[in-house]
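# Chains, contacts and geometry: an overview
Single-letter residue listing:
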Amino acid sequence: MTKAAAAFGSIFAILLVQQAALAGPEEDRAAFAAYYQSRFPDIPFAEFANGIYAIDSDARAQWLEIEEFPPYEFAIEVGEAIWSEALPDGSSLGDCFQQPVEDIRTLFPRFDASRGEVVTLEVAINDCRVARDLPPLGYDSQAMISTTAYLAFEARGKILETRVSGNQLGALAAYEAGKRFYYTKRGQLNFACADCHVTSVGQYVRADRLSASLGHPTHFPVYRSKLGTMISLQQRFAGCIRDVRAKPFELQSVEYRNLEYFLNYMSNGLELNGPGARK
Amino acid sequence: MASKIKVKAKLSGDIAEIKTLMLHPMETGARKDPDTGALVPMHHITQLTLTKNGEPIVVANLSTAVAKNPYFSCKVRGAKAGDTLKISWVDNLGATDELETVLG
């Protein structure tokens, strides 16, 4: 990418942010999607749900091969067992949600006005367990991630429709807090999420190409070949923050939940396609 | 107990492409438990065998370098529809698992 093009991209991104500060979430989302579509005019909107595989053909070829025997299949089976397992009072996790299993992923993250905070799927699962006198699952435990992998799999094909209601006190504030986090520089390397995933999409960091944030939340949790195990979206936040040499926040901290809320909203309109497989 | 092996076999002409995914923890014996500090005992597949109609066609002697939940694939010449393929493994603790599938 030429220096002129990179400069143009930076100016575009700055204008994008300034304009966005005066607009609402829907205007932000439209501008966000428009930016990536102008950067990659040959990629259809829906294809961004595949993350890096939408823009890197070599990685895509390897991904299609691994998808012939997806490494996350075992996690889905474990998750299904956990979901339908009888809890001591005879109910199962599904009973807390009172929705068809294929819809559950689409209900989160959402702003809970009575609690004044963003509730994610993982938090809701633990709320259910605690209400039934069970210990909560660790947010980085394979039990929790397998459960969300199963729910992600069941929801494949559903369209992401995160809601930020102006009528809900705090929803807009949580969205704005997530957005501010996304564009704030941090760490010894002084990078914002946007520096890599907006300005530098398609460029290399060591041996990896940077993916677009548009589409990130649709395919989590993911199986990471590097770790031989599944990770959640918020574990990836922690990893990225560690990579820019900042101190990561706790999983399901208010900062991460607001960021997840913002990112899910930015990917509205894309098809859910989790769980995924990544390097 | 249900087998923890998955297999996909595709026949084209007389060549069968076999892909398998096996559930197995892989411990080299050199890793320490993060909570107790004790060494996690070695636990991995030591021999993987693929037979066609009872006759061994692949015997793999594996060591601590084998992957966790290993994926293994191979192509077999001289296969035909109706052949019975069996994938089986033995690990260093003596546990075994196997799965049979019919090429079709």
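For the structure itself, consult the block above.
From a predicted model like this one, the values you see are computed outputs, not experimental measurements.

Conventions and cut-offs
- Residues numbered from 1 in each chain as written.
- Chains lettered and ligands numbered in written order.
- Predicted model: local features only at pLDDT ≥ 70, side-chain atom pairs only at ≥ 80, totals over all residues.
- Helix = DSSP H or I, 4+ residues; strand = E, 2+ residues; numbered from the N terminus.
- Expected span 1.5 Å × (residues − 1).
- Buried ≥ 20, exposed ≤ 12 C-beta atoms within 10 Å, placed from the backbone.
- Arc of directions from axis to C-beta.
- Contact = placed C-beta atoms within 7 Å.
- Pairing = 2+ DSSP bridges.
- Axes fitted to C-alpha atoms, helices over the stretch in contact; angles between N-to-C directions.

Residue and element names in this part refer to chain A. Between its terminal C-alpha atoms helix α8 (residues 171-183) stretches 19 Å, which fits the 18 Å expected from 13 residues at 1.5 Å a residue. Of the positions making up α8, those classed as buried are A171, A174, Y175, G178 and K179. Each buried residue of α8 lies within a common arc of 135 degrees when the element is viewed along its axis, so the set occupies one face. Taken together, the buried residues of α8 touch α2 (25-39), β1 (110-112), β2 (117-119) and α11 (254-266).

A separate point is the sheet that holds strand β5 (residues 71-77) of chain B. Two pairing modes exist for strands in a sheet, parallel and antiparallel, and in both the strands are linked by backbone hydrogen bonds. All names here are of chain B. Strand order across the open sheet formed by 3 strands is β1-β2-β5, with antiparallel pairing between neighbours. A single partner strand is all that each edge strand has here, and the edge strands are β1 (5-12) and β5. Taken over all neighbouring pairs, the strand axes of this sheet differ in orientation by 15 degrees on average, direction set aside. Across 7 bridges, strand β2 (residues 15-22) lies against β5 in antiparallel orientation.

This part covers the pairing of strand β4 (residues 55-61) of chain B. All names here are of chain B. Summarising burial for β4: 0 of the 7 residues are buried, a small minority. When strand β3 (residues 45-52) meets β4, the two strands line up antiparallel, connected through 6 bridges. Counted as the bridge partner of L50 is V58 from β4.

Residues and elements named next belong to chain A. Cis geometry is found at the peptide bond from F108 to P109, where omega equals -5 degrees. Looking at the secondary structure, you find P109 in the loop between α5 (94-97) and β1. Backbone torsion omega between F220 and P221 reads 0 degrees, so that peptide bond is classified as cis. Secondary-structure assignment places P221 in the loop between β4 (208-209) and β5 (222-224). Look at Q98: it is not a glycine, yet its phi comes out positive at around 55 degrees. Topologically, Q98 is positioned in the loop between α5 and β1. The phi dihedral of N190 falls on the positive side, at around 55 degrees, and the residue is not glycine. Inspection of the secondary structure puts N190 in the loop between α8 and α9 (193-199). Take N190: there are 11 C-beta atoms within 10 Å of it, and that puts it in the exposed class.

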